[in-house]
Every structure is written in structure tokens, then in C-alpha cells.
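The lines below spell out each chain.
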Amino acid sequence: MDQTNISKVEDFMNGNVNAENQTTVINIPEAVGVFDSFDDLQKAFYDLRMVGFSRYDISLLGKQEVLEEKLGKAYWRASDLEDDPKAPRAAFVSEEAIGELEGAIAGGFFFLGSYVAMAAMLTAASTLVASIAAIGIGGVPAAVVGTLLARRVGQQHRDYYANQIEHGGILLWVRVSDKEREDVAVKIMKQHSGRDVHVHPWSE
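Residues numbered from 1 in each chain as written. Predicted model: local features only at pLDDT ≥ 70, side-chain atom pairs only at ≥ 80, totals over all residues. Heavy atoms only, no water.

## Thoughts on a nonpolar patch on the surface
Phase 1: Taken together, the side chains of Met50, Val51 and Val184 present a nonpolar region at the surface, about 290 Å² in accessible area.
Phase 2: Within the secondary structure, Met50 sits in helix 2 (residues 38-50).
Phase 3: On the accessibility criterion, Met50 (70% relative accessible area) is exposed. (Patch = residues over 30% accessible without salt bridge, like charges linked within 9 Å, V, L, I, M, F, W, Y side chains within 5 Å. Areas by Shrake-Rupley, 256 points an atom, 1.4 Å probe, with all protein chains shown as cover. Salt bridge = Lys/Arg side-chain N within 4 Å of Asp/Glu carboxyl O. Helix = DSSP H or I, 4+ residues; strand = E, 2+ residues; numbered from the N terminus. Buried < 20%, exposed > 50% of the residue type's maximum accessible area, 1.4 Å probe, protein only.)

Here you go:
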């Protein structure tokens, strides 16, 4: 971790931070690495889960829109955010989970409330409202709208990872509670082609 980010963490840990920009960090170490492909990332995730890491201990970088809102800049490199406590986080979503979500949406709006909730996380509100309105007035068959939303889900999933790769790689953080788990996490990440794998003494 460079000196600038060490100072940031110390400020956060000591409470020296503006309220509007507050980020909470805890005194539990975290392993971090960068991956050049989604396949390698997914393999690392599965192995981490297999050895007992909770999905709540594993996080990725937030979406581009969230990055710009929180960091105030559109341009960034993965290497700049590895040890930045202000880097927004997101949960890992596997290809299987996305496939199931696409299938559920494409299958129709039999449980409209649930699908609306899921789709709302992945689509613009105005577009989603327009789609629901179309179903309500019978302007567009639900199956057609469902298929269009399913395609958007899959495309946004692919775009999310492609954007990170273009910016230097996909970031993965793993919270480690002790030295043994630290060693295991680092080993797994390196075995799956993780780059610049290291541990910093805090986690979000």
C-alpha cells in the first residue's frame, strides 16, 4: 500500500473524515488481487467458497456509475483502487446465477413483483417503468418484454467485467480473519492467475 492510501486508512480509522464522504473500514485484514479474465475470477471465487470463505467476505469493485459518483472521476486503473478504502464494493455474481435470472425473466412475469425488484437493480428506472406500463396496457406481450430484459441483464453482466478488464483487471477483495486464512486466500488467488496479490491490514 502506498503512503497516500496508508494515510487515508489512518484517517478513516481515527475518525478524521468528512461526514458526507465517510467510509467505514474495520481492523480485519483483507487480501486483494487483480484478474485478467472472468473465468479465472470465477474459479478463484469457487475455490474460496469451497475452503470456507463466506460470500460476505468476498467483494468486487462497484459499477462504473457508482465509481464516478463516489470517487468523482470517470478514469481509473485497477492498480489505483486496490488499496483505496473509498473504492465502492459489489457482490460477486456467477454465470450460473445470471443464467438463472435471465431464464426467470425471459420465462414471463408470473411473479411480477419479484422480477421487478431484480430488474430494478440492473436497468434504468425510466426504462423499467415504461416496460411495466406496456405490460399493464397490453401494448407488448409480457414474454417479449421479459426476453428483452433478460438480454439486458446478460449484456450488463458482460459489460461490467469487460469495463474492469479495460481498466487494468477485475479487482477481488477477500476478508481474512487470521494468518492461516490469509495464506489460503493468497494461495488460491495466485493459483488462478491473480496478479499483484497482497494483503492490507483493513477491510471495508
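## Looking at the side chain of His157
Phase 1: Relative to the helices and strands, His157 resides in helix 8 (residues 142-166).
Phase 2: Excluding residues that lie within four positions of it along the chain, His157 makes contacts with Phe38, Val93, Ser94, Glu95 and Ile98. (Contact = heavy atoms within 4.5 Å.)

## Description of the nonpolar core
Phase 1: The biggest cluster of nonpolar side chains holds 22 residues, and the ones touching the most others in it are Leu41, Leu48, Tyr161, Leu172 and Val174.
Phase 2: Those elements that provide at least two residues to this core are strand 1 (30-35), helix 2, strand 2 (58-61), helix 8, strand 4 (170-175) and helix 9 (179-191).
Phase 3: Among the elements that take part in this core, helix 2 stands out by supplying five residues, more than any other.
Phase 4: Setting aside chain neighbours within four positions, we find Tyr161 in contact with Phe38, Leu41, Leu60, Phe92, Val93 and Ile170. (Core = buried A, V, L, I, M, F, W, Y, C linked by side-chain atoms within 4.5 Å.)

## Overview of the pattern of salt bridges
Phase 1: Applying the stated criterion across every chain, the model contains three salt bridges.
Phase 2: One salt bridge connects Arg89 with Glu30, and the closest N-O pair in it is separated by 3.0 Å. Note that Arg89 is positioned in strand 3 (residues 89-90) and Glu30 in strand 1, a separation of 59 residues in sequence.
Phase 3: Glu30 gets classed as buried once you look at its relative accessible area, which sits at 2%.
Phase 4: Of the charged contacts, one joins Asp36 and Arg195 as a salt bridge, the two residues approaching to 2.9 Å between their closest N and O atoms. A residue pair is termed long-range when its members are at least 10 positions apart, and Asp36 in the loop between strand 1 and helix 2 and Arg195 in strand 5 (residues 195-200) qualify at 159 residues.
Phase 5: Since its relative accessible area comes to 43%, Asp36 is described here as partly exposed.
Phase 6: Classification of Arg195 by relative accessible area gives partly exposed; the value is 34%.

## Brief notes about the sheet that holds strand 4
Phase 1: Strand order across the open sheet formed by five strands is 3-2-4-1-5, with antiparallel pairing between neighbours. Because the sheet does not close on itself, it has two edges, and the strands there are strand 3 and strand 5.
Phase 2: In this sheet, strand 4 lies alongside strand 2 in antiparallel orientation, the contact comprising three bridges. Of the residues in strand 4, the one forming a bridge with Ile58 is Val174.
Phase 3: Those strands touched by helix 9 are strand 1, strand 4 and strand 5, and its axis lies near 0° from that of strand 1. (Pairing = 2+ DSSP bridges. Axes fitted to C-alpha atoms, helices over the stretch in contact; angles between N-to-C directions.)

## Structural notes on helix 3 (residues 64-71)
Phase 1: The set of residues buried in helix 3 consists of Gln64, Leu67 and Leu71. Projection of helix 3 onto a plane perpendicular to its axis shows the buried side chains occupying an angular sector of 55°, all on one side. Exposed and oriented more than 90 degrees from the buried face of helix 3 are Glu65 and Glu69.
Phase 2: Immediately beyond the C-terminal end of helix 3, within one or two residues, lies Gly72, with a positive phi of roughly 75°. (Arc of directions from axis to C-beta.)

## Digging into the packing of aromatic side chains
Phase 1: Overall, the coordinates contain five aromatic pairs when judged by the stated rule.
Phase 2: Their ring planes at 55° and their centres at 4.6 Å tell us that Phe38 and Tyr161 sit as a pair that is tilted. A residue pair is termed long-range when its members are at least 10 positions apart, and Phe38 in helix 2 and Tyr161 in helix 8 qualify at 123 residues. The residues Phe38 and Tyr161 share a single accessibility class, namely buried.
Phase 3: Between Phe45 and Phe92, the ring centres sit 4.1 Å apart and the planes meet at 25°, which makes this aromatic pair stacked. Residue Phe45 is found in helix 2, and its partner Phe92 is found in the loop between strand 3 and helix 5 (95-106); the two are separated by 47 residues along the sequence. (Phe/Tyr/Trp six-rings, centres within 6.5 Å; stacked < 30°, edge-to-face > 60°.)

## Observations regarding the confidence of the model for the protein chain
Phase 1: Per-residue confidence for the protein chain averages 76 on the pLDDT scale, and 61% of its residues sit at or above 70.
Phase 2: This stretch, residues 1-20, has a pLDDT under 50; its non-local contacts, to residues over four places away or in other chains, come to 25 contacts.
Phase 3: Counting interchain partners and residues more than four positions distant, the pLDDT-below-50 stretch residues 120-126 has nine contacts. (pLDDT = per-residue confidence, 0-100.)

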